[in-house]
Amino acid sequence: MARAIEAVTAGAAAPTGDARPGRLTLCLPGDTASPWPSPGIAAAPRHGDAVPAGGERWTVPTLAFGPGAAVRLLLAGTGTLRSGETSSDPSLGYLAAIGLYALELSVRGRFLPGLVQARDGRGFEARWLPVPGATDADRLRALARAMPPSCRAEAGPLDPYGRGAIDVLAQALNDIVDSVARSTFEAHLLPGIPSRTSRATPVDAMLKTLTAASPTVAPASTAVRALAATVSTWHARASTGDPGFRTCFRVVPPDDDAAGTEGQAWELEVMLQATDDPSLLVPAADVWRTGRRLAAFGRGLDDPQERLLADLGRATRLHPPLDRMLHQAHPVRLDLDVAGAYAFLREGASALAEAGFGIQLPSWWQTGRPRLTTRLRATTRASAGASAAAARLGLDAIVDYQWELAIGDTTVTADEIRELARLKVPLVRVRGQWVELRSEDIAAAERLVDRAAGHAAGTMTAGDVVRAGLGLEMTDIGLPVTGVTADGWLGTLLGAGGPEGLAPSRGTPAGFKGTLRPYQERGVAWMGFLGDLGLGACLADDMGLGKTAQVLALLADERSSRTADAPRPGPTLVVCPMSVVENWRREAERFTPGLAVHVHHGDERLGGEDLATATTDVDLVITTYGLVARDIESLSAIDWGRLVLDEAQNIK
């Protein structure tokens, strides 16, 4: 769907120079002088003569666009609306919705060739016509009900007070789908069927004009009228009026006891499926044995064989490999090799499902199909019982590691990886389960296997292990990492043991005037633990639960617990909205009066060397987001010990 919209909207919105000026008679509300403006532009005047409920007939100037240009213009308008602007008239948004729906029908393949009477009543035109499915009925009714009066205001000899919503909706969908189809099908795709006679038949002419730039009128004749009636019947059988059935495709993998993998045959079965109960299926073989009417599960379908063939023809446009079915006298199933089955699973199934076909896929494909992944096992070099705080270990600590290759929960050996690489097929069965095997995954697995004779082991930093555990991409691996385990303090961290297991709370620190609540003590301990590892922390406590107090307690704890010969911690820079600068200063004065505080704010704030000198013996510097951007050079010259972002969403 997205690709189709991009293709239609690739050009700029149609300029007015491409439009044809004209005049149109509309039924609009107004007074004796002029019609009233659209409600989105201005309110209706409160003076003037009353008008009938149906409005008055007015001749107004118009600009007429072709269907393709009109769709580009409307969709360009929807892009403007998404950016935050509002429409001056609800009819524009409504017409854009019709355009999007017509594009959706086109992408889903819900259109067929048609032969319809020309609008002037003289002859017939070959057009691509939309064929909504049974699931579209509610949406069509909703679109018709939601149509603004201005969209059906055109007055004519038969509609003096405007057209009906269903008529306007049908014409709009017909025109847009026809325009999209003509721009999609190139002339060489439908060159026409060579006639067995020296004279071109109506079918030849119809196929030829379907790829012309615009519909061509064919004079009405007995043969053309007969062809139009036949095509109309075909459309009726493919439309929403078909009772209860749709064509369904079911993918059947090889038997579990089938030998080998490379030569295993998959099957794609064809059947009719009840639209209200997907479990009710009629195999295609039964369809070919039935007569002119199919009766099953309390439902009936006229001419089921023609319906099945018509649907197969439509399906081949969405997934061309299905064309082989049409070479069978009575298509029942299609034998597929592994590559063909994979192409249907990856591409064909979704395209057909969007077009309204029934699709039945293996359960393992639909529910998180297994894929080749890797797991990381790390071993710390500190004793298993040592805590990070005690050992002062950080993300630069060296740990031993080993990669393991896996499919689902099953570990895969080096020999199995080499065998999978030899097969070069996208779907394989490993220990009883089917696996999607991507070529890039196999190449990455082979690199891991080759590192150390099947055991990709070595050393890495604890930071690399943590990044893998957080799900960040390991660019040198090339495979999804689905599990990370470690021992010691690193294992506790990865296992979300929390501050209780890693950095037990020591209570309210000295230098903090007050008593921390238990959850605040845990927050201070957790921030201190992550700080020792060189990691930042996010305090997500609700408003009013004392996040500022926890940060101040952490600063007091760091300064009260350091030894005499330890270097003084660098100052902490707090960046906050201007509205809370004074709150930070007051709380620091209240809870941690021993901290030296400097507020970097106001017209007389320091800069350059003066600021660096003033913050030499300072513990806490408070500034705002706006000043950080302005004074970035002066602030960047200082060696900060910590950066605190209050109301961190403002960093954007």
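Structure: above.
The sections below set out a description of the structure shown in this document. (Residues numbered from 1 in each chain as written. Predicted model: local features only at pLDDT ≥ 70, side-chain atom pairs only at ≥ 80, totals over all residues. Heavy atoms only, no water.)

Let's talk about the packing of helix 3 (residues 90-107) against helix 4 (residues 137-145)
Geometrically, a packed helix pair is captured by the angle between its two axes and the distance between the axes.
Then, number 1: Contact geometry for helix 3 and helix 4: axes closest at 11 Å, N-to-C directions at 160 degrees. By the criterion of interaxial angle, the relationship of helix 3 to helix 4 is roughly antiparallel. Crossing geometry of helix 3 relative to helix 4 is assigned as left-handed. Residue-level contacts link Y94, Y101 and E104 of helix 3 to R139, L140, L143 and A144 of helix 4. (Axes fitted to C-alpha atoms, helices over the stretch in contact; angles between N-to-C directions. Helix = DSSP H or I, 4+ residues; strand = E, 2+ residues; numbered from the N terminus. Parallel < 35°, antiparallel > 145°, perpendicular 65-115°, else oblique. Left-handed = near helix turned anticlockwise from the far one by under 90°. Contact = heavy atoms within 4.5 Å.)

Examining unusual backbone geometry
Then, number 1: Even without glycine at this site, E647 takes up a positive phi of about 55 degrees.
Then, number 2: If you trace the backbone, E647 turns up in the segment after strand 23 (642-645).
Then, number 3: With relative accessibility at 36%, the residue E647 sits in the partly exposed group. (Buried < 20%, exposed > 50% of the residue type's maximum accessible area, 1.4 Å probe, protein only.)

Topic: helix 5 (residues 165-184)
Counting along an α-helix, one turn takes 3.6 residues, and residues three or four places apart therefore face a common direction.
Then, number 1: In this model, helix 5 (20 residues) spans 29 Å end to end at C-alpha, consistent with the 28 Å of a helix rising 1.5 Å per residue.
Then, number 2: Among the residues of helix 5, those classed as buried are A165, V168, L169, L173, D175, I176, V177, D178, V180, A181 and R182. (Expected span 1.5 Å × (residues − 1).)

Structural notes on a nonpolar patch on the surface
Then, number 1: A surface patch of nonpolar side chains, amounting to about 290 Å² of accessible area, comprises L643, L645 and I651.
Then, number 2: Positionally, L645 belongs in strand 23.
Then, number 3: Classification of L645 by relative accessible area gives partly exposed; the value is 34%. (Patch = residues over 30% accessible without salt bridge, like charges linked within 9 Å, V, L, I, M, F, W, Y side chains within 5 Å. Areas by Shrake-Rupley, 256 points an atom, 1.4 Å probe, with all protein chains shown as cover. Salt bridge = Lys/Arg side-chain N within 4 Å of Asp/Glu carboxyl O.)

Some details on the sheet that holds strand 21 (residues 597-599)
Then, number 1: With parallel pairing, 4 strands are arranged side by side in an open sheet as 21-22-20-23. Because the sheet does not close on itself, it has two edges, and the strands there are strand 21 and strand 23. Neighbour to neighbour, the strand axes of the sheet diverge by 20 degrees on average, direction disregarded.
Then, number 2: Strand direction decides the pairing type here: strand 20 (residues 572-576) and strand 22 (residues 620-624), joined by 5 bridges, are parallel. Paired with V575 across the two strands is T623, which belongs to strand 22.
Then, number 3: Where helix 19 (residues 547-561) meets the sheet, its contacts fall on strand 20, strand 22 and strand 23, and the angle it forms with strand 23 comes to roughly 165 degrees.
Then, number 4: The strands touched by helix 20 (residues 581-591) within the sheet are strand 20, strand 21, strand 22 and strand 23, with strand 22 carrying the most contacts at an inclination of about 165 degrees. (Pairing = 2+ DSSP bridges.)

Brief notes about the nonpolar core
Then, number 1: One finds F249, W266, L268 and L427 to be the most contacted residues of the largest nonpolar core, which totals 74 residues.
Then, number 2: By size, the runner-up hydrophobic cluster in this structure holds 32 residues, among which are L105, L115, W128 and M206. (Core = buried A, V, L, I, M, F, W, Y, C linked by side-chain atoms within 4.5 Å.)

Focus on the pairing of strand 22
Here is the key point about a regular strand: its side chains alternate between the two faces of the sheet.
Then, number 1: In terms of residue burial, strand 22 counts as a mostly covered element, since 5 of its 5 residues are buried.
Then, number 2: Sheet topology places strand 21 next to strand 22; 3 bridges connect them, and they run parallel. Residue H598 lies in a different strand from strand 22, and its bridge partner there is V621.
Then, number 3: With helix 21 (residues 608-614) bridging strand 21 and its parallel neighbour strand 22, the resulting β-α-β unit is right-handed. (Right-handed = clockwise from strand over helix to strand, strands pointing away.)

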